[in-house]
Amino acid sequence: MGSGRGGGSGGNVEVAGGLDQLPAALIASIMIKLDVSSICSAGSTCRSLRSCASHVLSFLPDFHLLDIAPSTEQLRPLLPCNPMMMRLKVDCDRLNDNAIDLLLRPSLQELHLRNCSDFSGRLLSEIGSRCKDLKSLYLGPIAENRGRALHVSELEELLSGCSQLEDLFLMIDMSGFVRQSFARVWDFVSEKLTCLEIGYISSVMITELLSPHADPHHLQHIKSSPFPSVQKLSLSVDYITDVMVETLSKGLISLTDLDLRDAPLIEPRLTFDLTNYGLQQINHHGKLKHLCLIRSQDYLVTYFNRVNDLGILFMADRCASMESIYLGGFCRVSDAGFKTLLHSCSCLCRLWIAHGTLLTNLVFHDIRATSLSLTHVSLRWCHLLTNLGVKNLVSNADLQVLDLKDCKNLGDEALRSIGTLSKLKILQLEGSSVTDIGLSHLKWRVIGSLVSLSLRGCKRLTDKGISTLFGGASKLELHELDLSNIPGISDDGILSLVRAHIPILELRLRQCPLIGDTSVMALASMQSIEEGWSGSRLKMLDLYNCGGITALSFRWLKRPYFPRLRWLGLTGSVNRDMVDALARSRPFLRVACRGEELGMDRSDMDGVFMRDYDDEVDEFEQWLFAEGDEMD
């Protein structure tokens, strides 16, 4: 019966007896206000609540299950026949085509399926034929484990069948489709579509799709864009080019949000690159509020080498009403270009710049003279930025997010300035030169508001700094903490966290040679200050390549310890048999042992700006495994 809650079994029997006297309709009216995780947790405590939970699941309008990846057999009792279900969100990592009948329902208006690699393209066509009233659809990568490409006819059935779609997110590689057929099927897409995201598509394909072309049935008639109502567009492409940017800007007359990212495999030629001319075409219809242009360095160290300050000046003339700007890889843009944006975009509240190799303190020298009220700022890999630049930047006292990843010239004086930001929620200092003394500046006004703090790679920090920052603190809201790759952090530092009763959900300690079994035992026994909860709240724990982890730690990683843990990072080459045994004993625990990052993609800037920190109770493994006779 134990689910991690306090209290003995006698107390639960008494409560169950009391529940038997309550009308089932009253219990159901309370349960329907809970999420799926909480309903299942309640159902695992006694026979009365289990029966009621089963009944509630038959008319629950929302079913969200993303923190674990259930099998078809485990999902089946949670998804009975339910004509009232309107919104369904599931992690499909352990599902395949056999789950299609279970997932797809005519009543659905919102469908969100992650990690669909074991499904075939049949999923697309079945959604089109069964879910006619869908307004929002998200599909993770499909058929990646099937060894074959999707067929364009399956995409056509999806688009023609779901005629009410308003939001469409297809995290699919579209480059395998025949270009001519691909453009044709989009003639069937819903005219109501306002938001579109595609996982990967070539710049040539998207340009051809949006270019005006002759109707084959009426040669005198020129067909317009298939997306007359699209306001938000997000694409990952092979190359961001002038032609593509111009086509998008002119063809999408309602566009308010444009998000373009590329990751070139080879250095782009002139015709396959973005230049000053392309920037001049942005916001052709004057409605753009959010712009993202990012050149990733996943495969090749490359930049937008054909864009300079002049291009930014051209763009700024049309972007006075911009509210957020994300720019990555503009290595030839200097302080003059970035300052032009700050002084021209008076509505700007979110600024994200990565690999600004020429950006210096001068960008923020006279920021007080502007009317800006920045709330989210990210300056990643801006190596010329120093403490003085941060001091001027924090004159924006309303800052809620500050990301200074790998700004290596920042030190304790930068933290002294940051320490005045009482509204700060997310702070990333990865790779900076701060010390224990600098960390103490965050103790009085900042630490109480933070929900996420990254100190990864701050190699001058020690246990003393951690103890100073968290010692004596009360009512902290910190949910994420990254102390990875800090050689001076040991078990003593983790014990300081445990004593502070911090409500941490995600803790990253990878590459810390002095972290060992003592830390694992302390975290397993951690008591967070939360009404009604007596166990560890950790959902993610990354211990990859921690030097002191032995077989003893594996005993504390088993049930009933860490009841909410969903992601665990370990070194697979050490105690491999124990790692495999742990993964088998906790099927809903995702064990990563090859050094991969856990949870959200850390390279994604939306992980900094858009993260939702609302907590959920996820301990319903007992519901999925327990026999009904054992629930009383």
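As a reminder, the structure under discussion sits directly above these lines.
Residues numbered from 1 in each chain as written. Predicted model: local features only at pLDDT ≥ 70, side-chain atom pairs only at ≥ 80, totals over all residues. Heavy atoms only, no water.

Chemist: Any chance you could explain the overall build of the protein chain here in plain terms?
Modeler: Along the protein chain, the regular secondary structure elements total 24 helices and 22 strands. Buried positions account for 55% of the 632 residues belonging to the protein chain. Of the roughly 26200 Å² of accessible surface on the protein chain, 52% is carried by carbon and sulfur atoms. (Helix = DSSP H or I, 4+ residues; strand = E, 2+ residues; numbered from the N terminus. Buried < 20%, exposed > 50% of the residue type's maximum accessible area, 1.4 Å probe, protein only. Areas by Shrake-Rupley, 256 points an atom, 1.4 Å probe, with all protein chains shown as cover.)

Chemist: I'm lost on the pattern of salt bridges in this one. Help?
Modeler: Any two side chains of opposite charge can pair, on the condition that their charged atoms come close. Considering all chains together, one arrives at 25 salt bridges under this definition. In this structure, aspartate 403 engages arginine 380 in a salt bridge whose closest nitrogen and oxygen atoms are separated by 2.4 Å. Placement of aspartate 403 in strand 15 (residues 401-403) and of arginine 380 in strand 14 (residues 376-380) is noted, with a sequence separation of 23 residues between them. Here the salt bridges share partners, and the residues they tie into one network are Arg456, Asp482, Arg510, Asp542 and Glu597. (Salt bridge = Lys/Arg side-chain N within 4 Å of Asp/Glu carboxyl O.)

Chemist: Sorry if this is basic, but what is going on with helix 8 (residues 152-161) here?
Modeler: Counting along an α-helix, one turn takes 3.6 residues, and residues three or four places apart therefore face a common direction. Burial in helix 8 covers these residues: Val152, Glu154, Leu155, Leu158, Leu159 and Gly161. In this structure, the buried residues of helix 8 make contact with helix 7 (122-130), strand 4 (136-139), strand 5 (167-173) and helix 9 (179-185). (Contact = heavy atoms within 4.5 Å.)

Chemist: What is the right way to look at the side chain of serine 484 in this model?
Modeler: Topologically, serine 484 is positioned in the loop between strand 18 (480-482) and helix 19 (491-499). Among the polar contacts made by the side chain of serine 484, one reaches the side chain of aspartate 482 at a distance of 2.8 Å. When residues no more than four places from it in sequence are discounted, the contact partners of serine 484 are Leu455, Arg456, Gly457, Arg508, Leu509, Arg510 and Cys512. (Polar contact = N/O pair within 3.5 Å; in protein donor to acceptor, adjacent residues only side chain to side chain.)

Chemist: Hey, could you run me through the state of the cysteines in this one?
Modeler: What makes a disulfide is a covalent bond joining the sulfur atoms belonging to two cysteines. Taken as a whole and assessed by the stated rule, the structure comprises zero disulfides. Not part of a disulfide, cysteine 319 finds its nearest cysteine sulfur in cysteine 345, a span of 6.0 Å. (Disulfide = S-S within 2.5 Å.)

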